Structures are given as structure tokens and as C-alpha cells.
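# Remarks on the overall topology
Below, each chain spelled out in residue letters.
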Amino acid sequence: MSDQELREQVRERYAEAAVRASSGACGCSPGSQDLTGGLYEEAERSSVPPEAVSASLGCGNPLAVAGLREGETVLDLGSGGGIDVLLSARRVGPAGKVYGLDMTEEMLALALANAERAGATNVDFLKGDIEAIPLPANRVDVIISNCVLNLSVDKPAVFAEMFRVLKPGGRIGISDVVAEDHLTAAERAERGNHVGCIAGALSFAEYRAGLTDAGFTGIEITPTHEAAENMHSAIVKAVKPRDAAVRRELPVVANSGCCG
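Procedures and definitions
- Residues numbered from 1 in each chain as written.
- Predicted model: local features only at pLDDT ≥ 70, side-chain atom pairs only at ≥ 80, totals over all residues.
- Heavy atoms only, no water.
- Helix = DSSP H or I, 4+ residues; strand = E, 2+ residues; numbered from the N terminus.
- Buried < 20%, exposed > 50% of the residue type's maximum accessible area, 1.4 Å probe, protein only.
- Contact = heavy atoms within 4.5 Å.
- Areas by Shrake-Rupley, 256 points an atom, 1.4 Å probe, with all protein chains shown as cover.
- Salt bridge = Lys/Arg side-chain N within 4 Å of Asp/Glu carboxyl O.
- pLDDT = per-residue confidence, 0-100.
- Expected span 1.5 Å × (residues − 1).
- Arc of directions from axis to C-beta.
- Phe/Tyr/Trp six-rings, centres within 6.5 Å; stacked < 30°, edge-to-face > 60°.
- Lys NZ or Arg CZ within 6 Å of the ring centre and 35° of its normal.
- Pairing = 2+ DSSP bridges.
- Core = buried A, V, L, I, M, F, W, Y, C linked by side-chain atoms within 4.5 Å.

### What about the overall build of the protein?
Within the protein one finds 9 helices and 8 strands. Taking all 260 residues of the protein together, the buried fraction comes to 55%. Counting only contacts in the protein whose residues sit at least 6 apart along the sequence, the fraction spanning at least 24 positions is 75%. For the protein, the exposed surface amounts to about 10800 Å²; the carbon and sulfur share of it is 51%.

In C-alpha cells:
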């Protein structure tokens, strides 16, 4: 399957999930693998619209380790129905800002509706790809993401873009699926498909090398629970050095504003 076909398969899956969640059903596909490992506390789930919870298809809770502080600017890659954006917005407060980035029109529409239901005024949802983030360099303090990077067909571009948009000293705190180092790409594919967050997962060594090549330091990859045989949901943390120079600047897409 070509990269474009994989991207379209991912887009279709998450569009369908958004439609199901909007109708009050669970966003997960029937028979899909459960990667959640518990995810959110009841207090967190009850503080956001139920449609945001039902649309959550992640493999962890990045907010548990992101250490968000009042007044920070946050970017959620692959924001889906908006659960992590809305929870982040409460943590950074009125002085802070949270961007949610998603490539799926249906998810963006659902997220905007959820933000309105929650009365969140410090959030903005952007349409775009995580390989070409529609924000200028040095814009955000923290990047979060919940089981999305494994879906990308160009992970080096994602790592480079994360580094670019982070302020010097900024950090990432993301959840993702990571394979044990001995598994080949073919063995990962045997354990699950690409849209199910399994076949496209990097190994621990590949993940660390990708972040290092992009310029990140302080890299920590901590498995939390098993997603498939010898594959794990994990928390990934890293820092952009305070003295880092931006390696490249991509033009901001002119039509990349809020999808309202």
C-alpha cells in the first residue's frame, strides 16, 4: 500500500470515528484493539463533554506526564474530538493557549462543537498534517499527542516539525505505541494493521534515534502497558535545548486558521 493510500485509510477511519462519536456512540471501530490501558481518571472524563470522551482513540494519557503550567502554550498533534485540548485548556488557564491539529474535517467539526459545549475560550483548532505543522517556529511550550505519531508515514518530518515549533527549552510529553527492538517491520505488521496503531510503530531504538537526529535531548521512553505482543503503549518525553537553533522553517499555510 502506498503512503497516500495509508494516509487516506487513516483519514477514513477517523472520519468514521468522529461521525459515530457525534451520534453518541463510541468512536472506536467494532472489534478494534483496546490500547487505552485505563487512560483518564473519572474526574477528567466528567469535566469534558461526553462526545469528546467517546471520540478518544488514544493509547495513554499524555497529560499525566506533560506537567502543564499556568500560562503555557500547548499543541496537541492529532487532536481528534478535543479531549486532550480541553483538559489542557483547564490546566494552562485563561493566560494560556492550546492548539489542536487534525487532518480530518469530521474530527475538527466535532472538536469545535465540544469546545463550544465546554465553554473553552483559550483553544484553537487547526486543519493540517503533523508532517507540516501550520504554526511558526518557536511558538509553543509543550507538545502533546495521544497515539498519533505511529500513524505518520514520514516520522522524521514529524520529529523535525515538533522541534521547529517548540520554543527553546520547550518539551514533549506524548503517548505512542513502540515496538521492542528485536521486532522487524514485518513482525510488527503481523501484530496489527497501520490504522490500528500497530504496523507503523517505531522500535524503542528507532524512536530515540529519530528524536536525537531532530535535535532533542533528555529523551525518555517509558512503556506503560502492552498494546500487542512485544509492543507497548509508552510515554515519550524529550526537550528542545535552550540554545537550539531552528533547523528549518516551513511556510505557514495561508488557510490554516480555525476551522469554524
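### Quick word on the pattern of salt bridges
Applying the stated rule across the entire model yields 7 salt bridges. Among the ionic pairs, Asp141 bridges to Lys167, the shortest N-O distance being 3.4 Å. Taken together, the positions of Asp141 in strand β4 (residues 140-146) and Lys167 in strand β5 (residues 166-179) put the pair 26 residues apart, joining distant regions of the chain. The exposure class of Asp141 is buried, given its relative accessible area of 17%. As a salt-bridge pair, Glu229 and Arg191 come within 3.9 Å of each other at their nearest N and O atoms. Taken together, the residues Glu229 in the loop between β7 (217-228) and β8 (231-239) and Arg191 in helix α8 (residues 185-191) connect sequence positions 38 residues apart. Connected via shared salt-bridge partners are Arg69, Glu72 and Arg171.

### Here's the deal with the confidence of the model for the protein
A residue-level look at the protein finds 77% of positions with pLDDT of 70 or above and a mean pLDDT of 82. Low pLDDT, under 50, characterises residues 25-38; the stretch is placed with 35 contacts to residues that sit more than four places away or in other chains. Ignoring residues within four places in sequence, the model shows residues 247-260, a span with pLDDT below 50, making 33 contacts including any to other chains.

### As for helix α6 (residues 105-118)
At 3.6 residues per turn, the α-helix brings residues three or four places apart onto the same side. Across its 14 residues, α6 extends 20 Å between first and last C-alpha, which sits within 8% of the 20 Å expected from 1.5 Å per residue. Within α6, the full set of buried residues consists of Met107, Leu108, Leu110, Ala111, Asn114 and Ala115. Around the axis of α6, the buried residues are gathered within 160° of arc, so they sit on the same side. Taken from the residues just after α6, Gly119 is the one with a positive phi, measuring 70°.

### Details of the packing of aromatic side chains
Considering all chains together, one arrives at 2 aromatic pairs under this definition. Measuring from ring centre to ring centre gives 5.3 Å for Phe163 and Phe216, while their planes differ by 90°; the resulting arrangement is edge-to-face. Taken together, the positions of Phe163 in helix α7 (residues 155-165) and Phe216 in the loop between α9 (204-214) and β7 put the pair 53 residues apart, joining distant regions of the chain. The pair formed by Phe163 and Phe216 is uniform in burial state, with each residue classed as buried. In this structure, Lys97 is placed above the aromatic ring of Tyr99, and the distance from its NZ or CZ to the ring centre is 5.5 Å. Here the guanidinium or amino end of Lys240 rests over the ring plane of Phe163, the centre of that ring lying 4.9 Å away.

### Focus: the pairing of β7
In this structure, β7 lies alongside β8, joined through 8 bridges in antiparallel fashion. Across the sheet, residue Ile221 finds its bridge partner in β8, namely Val236. Linking β7 to β8, which pair antiparallel, is a turn of 2 residues; within it Asn230 sits at a positive phi near 65°.

### As for the nonpolar core
Grouped together as the largest cluster of nonpolar side chains are 33 residues, with contacts concentrated most on Leu75, Ile172, Tyr207 and Phe216. If you list the elements that add at least two residues to this core, you get β1 (73-77), β2 (97-102), β4, α7, β5, α9, β7 and β8. The element that contributes the greatest number of residues to this core is α7, accounting for 5 residues. In this structure, Phe216 is in contact with Phe159, Met162, Phe163, Leu166, Ile172, Leu211, Ala238, Val239 and Lys240, ignoring residues within four places of it in sequence. Grouped together as the second largest cluster of nonpolar side chains are 18 residues, Ala66, Val98, Ala111 and Phe125 included.

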